[in-house]
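An overview of the molecular structure
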Amino acid sequence: MSGTRLLLKGGRLVDPVAGRDGEFDLLVEDGRVARVGKLLPADGAEVFEVKRGWIVAPGLIDIHVHLREPGQEHKETIASGVRAAVAGGFTAVACMPNTDPVNDHPGITELIMRRAAAAALARVYPIGAVSIGSKGEQMAELGAQKAAGCVAFTDDGRPVASALLMRRALEYAGMLGVPIVNHCEDPSLKGDGVAHEGLVASRLGLRGIPGVAESIMVDRDVALAELTGGPYHVCHMSAYQSLRAVRAAKDRGMTNVSCEVAPHHFVLTDEALEAPVRYDTNLKMNPPLRGTADRDAMLDGIADGTVDVIATDHAPHHADEKLVEFDNAPFGIVGLETCVPLVFERLVHTGRITLARAIALLSANPARVFRLPGGTLAPDAAADITVLAPDAPVTIRAAALASKSKNTPFDGWQLRGGVAATIVGGRIVYRNEGL
Amino acid sequence: MLKSRHLLGIADLGPDEIALILDTAEAMTEIAARPIKKVPTLRGRTVVNLFFEPSTRTRTSFEVAEKRLSADTLSIAVAQSSVTKGETLLDTVRNLEAMAPDMIVMRHACSGAPHLLARLCRSVIINAGDGMHEHPTQALLDAFTIREHKRRLDGLKVAIVGDLLHSRVLRSNVQLLNTMGADVWACGPATLIPADLARFGITVTTSIERAVADADVVMMLRIQHERMHGHFIPSTREYYALFGLTPERLGRAKPDVIIMHPGPMNRGVEIDSEVADGPHSVILAQVTNGVAVRMAVLYLLAGQEGEAD
């Protein structure tokens, strides 16, 4: 990347951290932001013409993706996952440790980082397991994992069920300055549930998972975060009771608590399970699609600032694994390439949030919560940039996704707002030729 | 004629279609009364009974119905072992489809399994019970039996008592009886009431006395012992004490109340033997009517083969 110069010319630059929103050119030199200003001269730099109406934003960061490698390469590989990431506008992703074997060891962290470096598209930040094998029994060597490159710890896919382990993890990770991220779900209340407990599950005869299965653990974790002062982040929040718990924590001044919401939880409700296709396994995710009150609470939390981050919980599964009875299908949908259009369509174009807030939820805030570089286009920042086309019509085509898996419920959806280009370290790694 | 080419659930049927099935079943009862109980209606047609869950009663009833209509039938009890061998439901059915059956009657432990097949297979699919979702032919035979005894469905008070949570019979019956204008009451322990059941448009209570009071029909549901590991009830003894249909409780119902049960019964758990075998019981009539109703369904769906979905 050294020696290269790139000038993004035209367009509207929105950088919530720098407090900048207006027509600016942006000059990149040696992979970093060199200058932001009006009508900058090209001086031999490669020129990227940013079309009228397009947005130049700090590179988007998704702190919740499953890249499946090592161990489940038939679903996704690090290489295919980062292709999907940049196609979705993400310049960086943090990948979950529930690989096979679990990323509970520096050797696996290093392998992931090597593969990511070889793919050379989006930046990849590994997340380590809280406990060995994510079994919830013995704490993993968090210090060694951090030294190897892990940016956070979680047993995602599973909750940290033991309150004692959670307490110790928060204390220990607090010492290291790294957040503990919890998949909140009381195992006994979840049982063998497959859908949100409510009218729809009752009608369809699906075993329910109540919203409190999630919030009861959020409540517990907030109490432990208060006790320990450790940095705590709630994964893929879905229930209105969980949002209430996080809001109360923030209201009493707890700055060490943060949370994320996935697009499907602010776009869809459990009613989608009934129509147009009943029992569509591409609507089976954990936490499940919840009721209208929950969906609306997520929208409110996004608008009022309670929600810190939008993260996709990109969970690729092979088509054969989803083409089974609803009970037997794995939980999860792909999300990297559908996130931006859903955020534009449901949050920005509806006027629920400003464009700057949307960008903060997708770049500055994830960077802050996980203490990552990026999230701003101030001079000398890494030149990780996403060029957005807010008014571009987008039709989601599952078959055309860059991800190795196509398990999305949004196939065929026509939305407004897409990604024009993705630039990582000053290098254009994705360009939407259709725009 | 029926709008859908499959019978996946009562939810898909309108009142006219339900009435059509019941009227057709009425005509079918006459066949059972003949010395030679067979008509050529489905001659040359192949029906596969695919049971992923054990069920003597429903499977036998379908088999008898198919044979009386002269269909070629094949009954397959798919042991859980084929699942552990790694074959998917879809593979199993595609293998069967390669032998060109016309209809598949399917029982499966997972809700929605027949819907998956209906989407992906050529054959006409008849749901013979899917998980906790629907058991449409049971509800139809129940309605037929009620109509046989009460001459109508609308305005009747029907109390459904038992394990509501796990019951596909409940879900199908509620939809059918609601559609046909009955006043439906559902009663069971609080631990066995599905979330938001009252929003099905019925009255929900935990008092069997209230449910049974002035009822025209009392429909008992089986306590599913095999599912009782989730702290649902403390013991079957306590269940009988609180929810068992005893002669005393039955005394609160209308004098001409009928007692129904989809079987198999747990005597002394959900129902007292004296009630099960008493003059109000129509439990065996339900079994007899099951054949006629299933003949009607097979006949009506066979008539639509080849038509677009």
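Just above sits the structure.
The sections below set out a description of the structure shown in this document. (Residues numbered from 1 in each chain as written. Chains lettered and ligands numbered in written order. Predicted model: local features only at pLDDT ≥ 70, side-chain atom pairs only at ≥ 80, totals over all residues. Heavy atoms only, no water.)

Here's the deal with the sheet that holds strand 7 (residues 203–205) of chain B
Residues and elements named next belong to chain B. Quick reminder of the rule: If DSSP finds at least two bridges between two strands, the strands pair. Secondary structure follows DSSP: runs of H or I at least 4 residues long count as helices, runs of E at least 2 residues long count as strands, and numbering of each begins at the N terminus. Every angle, taken between N-to-C directions, lies between 0 and 180 degrees, and every axis is a line fitted to C-alpha atoms, over only the stretch in contact when it is a helix.
With parallel pairing, five strands are arranged side by side in an open sheet as 7-6-5-8-9. Both outer strands of the open sheet, strand 7 and strand 9 (258–260), are each paired with one neighbouring strand and no more. If you compare each strand with its neighbour and ignore which way they point, the axes differ by 20° on average. Pairing of strand 5 (residues 157–161) with strand 6 (residues 183–187) involves five bridges; the strand directions are parallel.

Overview of the pattern of salt bridges
Residue and element names in this part refer to chain A. For clarity, the threshold we go by: The salt bridge criterion pairs a side-chain nitrogen of Lys or Arg with a carboxyl oxygen of Asp or Glu, the two atoms within 4 Å.
Using the criterion set out here, one finds 32 salt bridges over all chains in the structure. We note a salt bridge from Arg168 to Glu171, for which the minimum N-O separation is 3.1 Å. In this pair, Arg168 and Glu171 both sit in helix 4 (residues 163–176), three residues apart, roughly one turn of the helix. Beyond isolated ion pairs, a larger network of salt bridges with shared partners links Arg167, Arg168 and Glu171.

Comments concerning unusual backbone geometry
Under the convention used in this document: Under the scheme applied here, a residue whose accessible area is under 20% of the maximum for its type counts as buried, over 50% as exposed, and between as partly exposed, the area being computed with a 1.4 Å probe on protein chains only.
Residue Pro276 of chain A is bonded to the preceding Ala275 of chain A through a cis peptide linkage, with omega at 5°. The topology assignment puts Pro276 of chain A in the loop between helix 9 (263–267) and helix 10 (292–304). Between Gly263 of chain B and Pro264 of chain B the backbone carries a cis peptide bond, its omega angle lying at -10°. With respect to the helices and strands, Pro264 of chain B occurs in the loop between strand 9 and helix 11 (273–276). With phi around 70°, Arg68 of chain A is a residue other than glycine that occupies positive phi space. Within the element layout of this structure, Arg68 of chain A appears in the loop between strand 8 (60–65) and helix 1 (78–87). With a relative accessible area of 6%, Arg68 of chain A lands in the buried category. Unusually for a residue other than glycine, Ser70 of chain B sits at a positive phi of about 70°. Take Ser70 of chain B: it is sitting in the loop between helix 2 (56–68) and strand 2 (72–77).

Comments concerning the pairing of strand 2 (residues 12–15) of chain A
All names here are of chain A. Pairing analysis gives two bridges linking strand 2 to strand 7 (residues 55–58), with the strands arranged parallel. By the bridge assignment, Arg12 is partnered in strand 7 with Ile55. Of the strand pairs in this sheet, strand 2 and strand 3 (residues 20–23) are connected by four bridges, and their pairing is antiparallel. The partner of Arg12 across the bridge, within strand 3, is Glu23. Once strand 2 ends, the chain turns through four residues before running back antiparallel as strand 3, passing Gly19 with a positive phi of about 65°.

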